[in-house]
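Residue-level listing of the chains:
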Amino acid sequence: MLRDITLGQYYPADSVIHRLDPRVKLFCTMIYIISLFCFRGVAALGAATVFLIAVIRLSHVPFRFMIKGLRAILILMLITGLFNLFLTPGEPIVTFWVFKITAEGIANAAIMVIRLTYLILGTSIMTLTTTPNQLTDGLEKSLMPLSRIGVPVHVVAMMMSIALRFIPILIEETDKIMKAQMARGADFESGNLFKKVKNMIPLLVPLFVSAFRRADDLAMAMEARCYHGGEGRTKMKPLRYEGRDRLAYLLILLYFALILLCRKFLRWPQ
Amino acid sequence: MRGSMGIIKAVQLVHEYIRRDEEGNVESISTALDHVSLDVEPGEFIAILGHNGSGKSTLAKHINALLMPGEGTLWVDGRDTSEEENIFPVRQTAGMVFQNPDNQIIASVVEEDVGFGPENIGVPTDEIWQRVEESLKAVGMLKYRHHSPNKLSGGQKQRVAIAGVVAMQPKCIVLDEPTAMLDPNGRADVIRTAHELNRKKGVTIILITHYMEEVVDADRVFVMDQGKIVMQGTPREIFSQVGKLKEYRLDVPQVTILADLLRQSGVNVPVGVLRREELVDAILKAAQIA
Amino acid sequence: MERTGTDEMSIILDKVNYIYSADTAYQIQALKDVSLELKDGQFIGIIGHTGSGKSTLIQHLNGLMKATSGAIYFHGQDIYDEDFDLRELRNRVGLVFQYPEHQLFETTIFDDVCFGPKNQGLSKEEAGLRAFEALRSVGMPEELYYQSPFDLSGGQKRRVAIAGVLAMKPEVLILDEPTAGLDPAGRDEILDLIARMHKERGMTVVLVSHSMEDVAKYVERIIVMNQGQVMFDDAPREVFRHYKELEAVGLAAPQVTYLMHELREHGLLVDTDATTVEEARASLLEALTGLDAQHRDIHV
């Protein structure tokens, strides 16, 4: 079921994290990512871990959904890990053939793998607890000041949310057309690059035709529901900061300060 | 002016699709609406029947001010649709549900989609929530409010689309072949929903379809062919003319045809049978007499 | 299951299972132990509501989807054998998808219909010949052959798309909801066309639909799918005898089936197996005219 692959992979639940303002979540995710790349020492690692686990617990998203994102970058993690393991100069512990593993290598590899894991988990929490529309809303509102200098923020945000809705549909459509052409003997695999591109025509033409037809229908449906741009529009889910959002800002800043403090004073082990 | 006429009144409405070549010269003209006149009373349930290309969808788009009359006039709740300043009030008065359920849902979450229309017309936030909840309840989709439309069935999506229109509190809803892409279950759900809105909320319904069994419970039926209204009357009046309906490439329900055939063979059954129960009763009565 | 080598001309499915998104939260078993034999030359209807597994099933028949477990034999050969040529299978089992007009892509109708035959490795001339033949058999007027397929009406587009598969001269023709979205006249045109193909070319035809009334008129065998399983597999009148069970799973028998059963319940001796209007009429007239005699029998 290709429709299940949604870009946002939103997991519906009713948790504090779900209810946070998307701007808060965007900001916190950003800070958390930065913190992952500047922490030093076990204490900071501990802080990052505790923070992550706490947020995961608060979000009510089952852990197996979190690790789904990890599977996709398993190879990347493996390569980064191996590179760090073998290519970090230092005192060798084990040596065989041209490879040597150093204590620093082990530490580096572990840190890299942990960083990547936390990075994916951290961003997954955001995408799992925020609908794509909330996310675009968050971006729209954060970037609204730009509209004063002529950037069409509302239009871009609307386009983004429509794209988010239609990408899964178009992916499914691609699959359907591909199968239909395969049933007529089309071959999408063999041949050189030029031939492959040419072979894509029976897929791409119908896909474009369909995308345009959908766009046309959708434009009409939006007009029929009185859409006329951002002017005079109200919001069903307006972004308003509440107590929990301010608290979240405070917590992430405290967390970040802690990481920075650890970096300065608690760097053990180097 | 308002109040003196029905909620929808068309007088000699004409719409032409003009095809031009690359230089802008007229290549061909096809008349989609050919002097159509009709008058719909508030609270009525109207069905418009016709095969593909009979002009029924063009008429629907006029009622929503998505198209402008070439000739003639169309008033929606007393407002002339050809006047620029009436466009948004007209669209708010006469909501529209389209054929393809996928291509009319804008948001990635059901409730946000239902809120889209009210957002556009500037309804305050608290009221949007209220309307969204009421509308989803009215179409029986409240428990799906947090779902992604992609995971709903066709019939469910179509009901979400109806909720999206209901949330704008229109006096009239035009459904343009809302069931053409649905399976039998979805079709029944959508038609039932339309009747409920009509009955409980007094919304005027204009149902455009090519399935005759869907119009059985309508107050009045119009049949369109080649841009013209060629038949109009109660379902019974319409269904009694089996031969004519077939001429207009419409699909007469099995019981209606059967009743017609039996009558031709001399069995005493009434004209224009709509429902199975009617025919059962009629046949049993005929059997008693025999 | 040693079936290889038999001369039986048919497609056999042996305990076919298919699971979507295996090992995820969205795991769905779309087919459950489906065992069927589709005999050569049959006209078969597959009925089921949305999500019953019927579309998944037909995509297995030409190897577009691979069963999670179970086996499929085409003319006795296991299609999952390593040396079995799946492209050859697709040449012989033509599949017309739902809304097939959405796959049209060429600049002219004629070129589009040539696409299949060309992929089969036929020469330009041969492919052209096939295209002519196919377009004529779907009743496309010749003056339209070199027009863009995108300018046609919905019903015409669909006929062109069907011609695109017919031009490949398949032995088996499978159509997924070929009448979806068409008006009654368009629907009848397509169904009559398919029936003619079956009759004239002796093709095996598998018609997937959710409309019992459409199917009852044409097919000799109905396979009812429900929740990924074969629920009934029999001649139409046999299947419609289970009209109450069909209704329980969201499928309806033809209106006349209900009518005849209700009349029978009220004591009128009519043929409850009638599924078409004509059959019903004949049986009703017989029951009503011969009534005097029957009437006494029943009501004594």
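Conventions used here
- Residues numbered from 1 in each chain as written.
- Chains lettered and ligands numbered in written order.
- Predicted model: local features only at pLDDT ≥ 70, side-chain atom pairs only at ≥ 80, totals over all residues.
- Heavy atoms only, no water.
- Pairing = 2+ DSSP bridges.
- Helix = DSSP H or I, 4+ residues; strand = E, 2+ residues; numbered from the N terminus.
- Axes fitted to C-alpha atoms, helices over the stretch in contact; angles between N-to-C directions.
- Contact = heavy atoms within 4.5 Å.
- Core = buried A, V, L, I, M, F, W, Y, C linked by side-chain atoms within 4.5 Å.
- Buried < 20%, exposed > 50% of the residue type's maximum accessible area, 1.4 Å probe, protein only.
- Domains from an automatic or database assignment.
- Patch = residues over 30% accessible without salt bridge, like charges linked within 9 Å, V, L, I, M, F, W, Y side chains within 5 Å.
- Areas by Shrake-Rupley, 256 points an atom, 1.4 Å probe, with all protein chains shown as cover.
- Salt bridge = Lys/Arg side-chain N within 4 Å of Asp/Glu carboxyl O.
- Buried area = accessible area lost by both parts, 1.4 Å probe.
- Polar contact = N/O pair within 3.5 Å; in protein donor to acceptor, adjacent residues only side chain to side chain.
- Nonpolar A, V, L, I, M, F, W, Y, C, P; charged D, E, K, R; others polar.
- Parallel < 35°, antiparallel > 145°, perpendicular 65-115°, else oblique.
- Left-handed = near helix turned anticlockwise from the far one by under 90°.

Draft legend 1. Just the sheet that holds strand β8 (residues 204-209) of chain B, in detail. Residues and elements named next belong to chain B. One open sheet accounts for six strands, arranged β6-β7-β8-β3-β9-β10; its pairing is mixed. Every interior strand has two partners, whereas the edge strands, β6 (94-97) and β10 (228-233), have only one. Strand-to-strand, the axes of this sheet are offset by a mean angle of 20°, without reference to chain direction. Where strand β3 (residues 45-49) lies against strand β9 (residues 220-225), four bridges are found, and the strand directions are parallel. Note on β9: the bridge partner recorded for I48 is F222. On the sheet, helix α5 (residues 154-166) packs against β6 and β7 (172-176) and is oriented at approximately 165° with respect to β6.

Draft legend 2. Up close: the sheet that holds strand β9 (residues 221-226) of chain C. All names here are of chain C. Read across the open sheet, the six strands follow the order β6-β7-β8-β3-β9-β10; overall the sheet is mixed. One side of each edge strand has no neighbouring strand; the edge strands of this open sheet are β6 (93-96) and β10 (229-234). Averaged over all adjacent pairs, the angle separating strand axes in this sheet is 15°, with direction ignored. With four bridges joining them, β6 and strand β7 (residues 172-176) adopt parallel strand pairing. Within β7, the position partnered with G94 by the bridge is L173. Lying over the sheet, helix α6 (residues 184-201) contacts β3 (43-47), β7 and β8 (204-209), oriented at roughly 155° with respect to β8.

Draft legend 3. Representation of the nonpolar core in the model. In this structure, L263 and L284 of chain C are the most contacted members of the largest nonpolar core, which totals 76 residues. If one sorts the elements of this core by residue count, helix α10 (residues 276-289) of chain B sits on top with seven residues. The contact partners of L284 of chain C, leaving out residues within four places of it in the chain, are L258, L262 and I283 of chain B together with L259, M260, L263, L268 and V270 of chain C. Within the second largest apolar cluster, 52 residues are counted, among which are C114, L182, I194 and Y258 of chain C.

Draft legend 4. Representation of the domain arrangement of chain A in the model. Domain annotation for chain A reports domain 1 (1-130 + 240-270) and domain 2 (151-237). Taking only C-alpha atoms, the centre of domain 1 of chain A and the centre of domain 2 of chain A are 34 Å apart.

Draft legend 5. Quick look at a nonpolar patch on the surface. All names here are of chain A. Together, L74, I75, L78, I79, L82, F83 and L87 give the surface a local cluster of nonpolar side chains, amounting to about 730 Å² of exposed area. For L87, the position within the fold is in helix α5 (residues 74-87). Take L87: its relative accessible area is 58%, and that puts it in the exposed class.

Draft legend 6. Looking closely at the interface of chain A and chain B. Counting residues at the interface gives 33 residues for chain A, matched by 41 residues for chain B. Taken together, the two surfaces of chain A and chain B that pack against each other cover about 3,400 Å², and 53% of this comes from carbon and sulfur. If you sort the residues of chain A by the area they bury against chain B, R165, R225 and M236 of chain A come out on top, with a joint share of 28%. Our enumeration of links across chain A and chain B arrives at 19 residue pairs in polar contact (both at pLDDT 80 or more). Listing elements by their share of the side of chain A that touches chain B, those giving two or more residues are α7 (132-143), α8 (153-183) and α10 (201-224) of chain A. Partitioned by chemical class, the residues of the side of chain A that touches chain B number 15 nonpolar, seven polar and 11 charged.

Draft legend 7. Inspection of the interface of chain A and chain C at higher detail. Contact with chain A, which involves 22 residues of that partner, is made by 26 residues of chain C. Taken together, the connections running from chain A to chain C amount to two salt bridges. Here R87 of chain C makes a salt bridge to D187 of chain A, at a shortest N to O gap of 3.7 Å. Along the contact surface separating chain A from chain C lie seven residue pairs in polar contact (both at pLDDT 80 or more). Looking at the side of chain A that touches chain C, the elements that each hand over two or more residues are α4 (63-72), α8 and α10 of chain A. The residue inventory of the side of chain A that touches chain C, partitioned by class, reads 12 nonpolar, two polar and eight charged.

Draft legend 8. Local environment of the packing of α4 of chain A against helix α6 (residues 103-129) of chain A. Residue and element names in this part refer to chain A. Axis separation between α4 and α6 bottoms out at 9 Å; the angle between their running directions is 125°. The angle between α4 and α6 falls in the class oblique. For the element pair α4 and α6, the recorded crossing hand is right-handed. Mapping the contact onto sequence places F65, M66, G69 and L70 in α4 and T117, I120, L121, S124, I125 and L128 in α6.

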